[in-house]
Amino acid sequence: MARPAAAYEAAVPPRPACAYTSCYCEENVWKLCDYIRSQHQYPLEEFYAVFISNDRRMDYHVILLHVSSGKQNFIYDLDTVLPFPCPFDVYSVEAFRLDDSLRPEFHRKIRMIRADLYLKTFASDRSHMKDANGKWQKPPPSYPCIETAGSSKKALVPSSFCPLIRLQDELG
């Protein structure tokens, strides 16, 4: 008798136990990657920080993709009401509606960065979260700014991770 496939084990704690600051998704994902690296449960090379933006780059979102060695891939998105983690096929349908109803400059584009590289190179001085008067648009995380040996502590937002590619080109 064949054994059923093992259930997917989440790579990070439940959502409420994760480091999280609203509007700092790139740092939230960096913290998830750092946790995964420390646990040695899954190879870090199976994970990707995924920047989602558009040609206008007025806003962006960052999620974590687990390209699992199993049959199903999973998304970790601390800002969604979808399950955490969420099967990729569910997330892609529920979170990404077709671009057909959007003006071309708002069509979604993505940039995937392998988690090990993201941990080595991402840094943020959080200056992109301050207004013209230097006041915080949203309160920053309670921990210090993220700095790495391979970074220069500058804010790295999607324009720094060019090129972005069309989401539908990537997802098919």
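Presented here is an overview of the structure given in this document. The structure presented is a predicted model; accordingly, all values stated were derived computationally and were not measured.

1. Points about the overall build of the chain
And step 1. When its secondary structure is counted, the chain shows four helices and six strands.
And step 2. Taken from the N to the C terminus, the helices and strands of the chain come in the order α-β-β-β-β-α-β-α-β-α.
And step 3. For the chain, restricting intrachain contacts to residue pairs at least 6 apart in sequence, the fraction spanning at least 24 positions comes to 64%.
And step 4. Only carbon and sulfur atoms are counted for the fraction: they give 53% of the accessible area of the chain, which is about 10000 Å².

2. Here's the deal with the nonpolar core
And step 1. Formed by 28 residues in total, the largest nonpolar core has its most connected members in Val12, Phe47, Val62, Leu64, Tyr76 and Tyr118.
And step 2. Listing elements by their share of this core, those giving two or more residues are helix H1 (25–39), strand E1 (47–53), strand E2 (61–66), strand E3 (74–76) and helix H3 (115–121).
And step 3. With six residues, H1 is the single largest residue contributor to this core.
And step 4. In this structure Leu64 touches Val29, Leu32, Cys33, Ile36, Phe47, Tyr48, Ala49, Phe74, Ile75 and Tyr76, once residues within four positions along its chain are discounted.
And step 5. Membership of the second largest hydrophobic core comes to 10 residues, among which are Ile52, Ile75, Leu82 and Ile110.

3. Comments concerning the pattern of salt bridges
And step 1. Enumeration over the complete set of coordinates arrives at three salt bridges.
And step 2. The salt bridge involving Glu27 is made with Arg126; its shortest N-O contact spans 2.8 Å. With Glu27 in helix H1 and Arg126 in the loop between H3 and strand E6 (165–166), the pair connects residues that are 99 residues apart, well separated along the chain.
And step 3. For Glu27, a relative accessible area of 0% puts it in the buried group.
And step 4. For Asp34, the salt bridge goes to Arg37, with nearest N and O atoms at 2.5 Å. Linking Asp34 with Arg37, this pair stays in helix H1, spanning three residues, or about one helical turn.

4. Structural notes on the packing of aromatic side chains
And step 1. For the coordinates displayed, the defined rule picks out eight aromatic pairs.
And step 2. Aromatic pair Tyr8 and Phe74: ring centres 3.7 Å apart, planes at 15 degrees, arrangement stacked. Note that Tyr8 is positioned in the segment before H1 and Phe74 in strand E3, a separation of 66 residues in sequence.
And step 3. Against the face of Tyr143 rests Lys31, its NZ or CZ located 4.1 Å from the ring centre.
And step 4. The ring of Trp136 carries Lys130 above its face, with NZ or CZ at 4.7 Å from the centroid.

5. What to know about the pairing of E2
And step 1. Counting buried residues along E2, five of its six residues qualify, which places the element largely inside the surrounding structure.
And step 2. One ladder, built from six bridges, connects E1 with E2; its direction is antiparallel. Opposite Tyr48, over in E2, you have Leu65 as the bridge partner.
And step 3. Note: E2 against E3, three bridges, orientation antiparallel. Looking at the pairing, His66 lines up with Phe74 of E3.

6. Considering H1
And step 1. Taking 1.5 Å per residue, 15 residues should reach 21 Å; H1 reaches 21 Å between its end C-alpha atoms and fits that length.
And step 2. Summarising the contacts, the buried residues of H1 are in contact with E1, E2, E3 and H3.

7. Describing the side chain of Thr21
And step 1. Looking at the element boundaries, Thr21 is found in the segment before H1.
And step 2. When neighbours within four sequence positions are excluded, Thr21 is seen to be in contact with Asn28, Pro139, Pro140 and Pro141.

Calculation criteria
- Residues numbered from 1 in each chain as written.
- Predicted model: local features only at pLDDT ≥ 70, side-chain atom pairs only at ≥ 80, totals over all residues.
- Heavy atoms only, no water.
- Helix = DSSP H or I, 4+ residues; strand = E, 2+ residues; numbered from the N terminus.
- Contact = heavy atoms within 4.5 Å.
- Areas by Shrake-Rupley, 256 points an atom, 1.4 Å probe, with all protein chains shown as cover.
- Core = buried A, V, L, I, M, F, W, Y, C linked by side-chain atoms within 4.5 Å.
- Buried < 20%, exposed > 50% of the residue type's maximum accessible area, 1.4 Å probe, protein only.
- Salt bridge = Lys/Arg side-chain N within 4 Å of Asp/Glu carboxyl O.
- Phe/Tyr/Trp six-rings, centres within 6.5 Å; stacked < 30°, edge-to-face > 60°.
- Lys NZ or Arg CZ within 6 Å of the ring centre and 35° of its normal.
- Pairing = 2+ DSSP bridges.
- Expected span 1.5 Å × (residues − 1).

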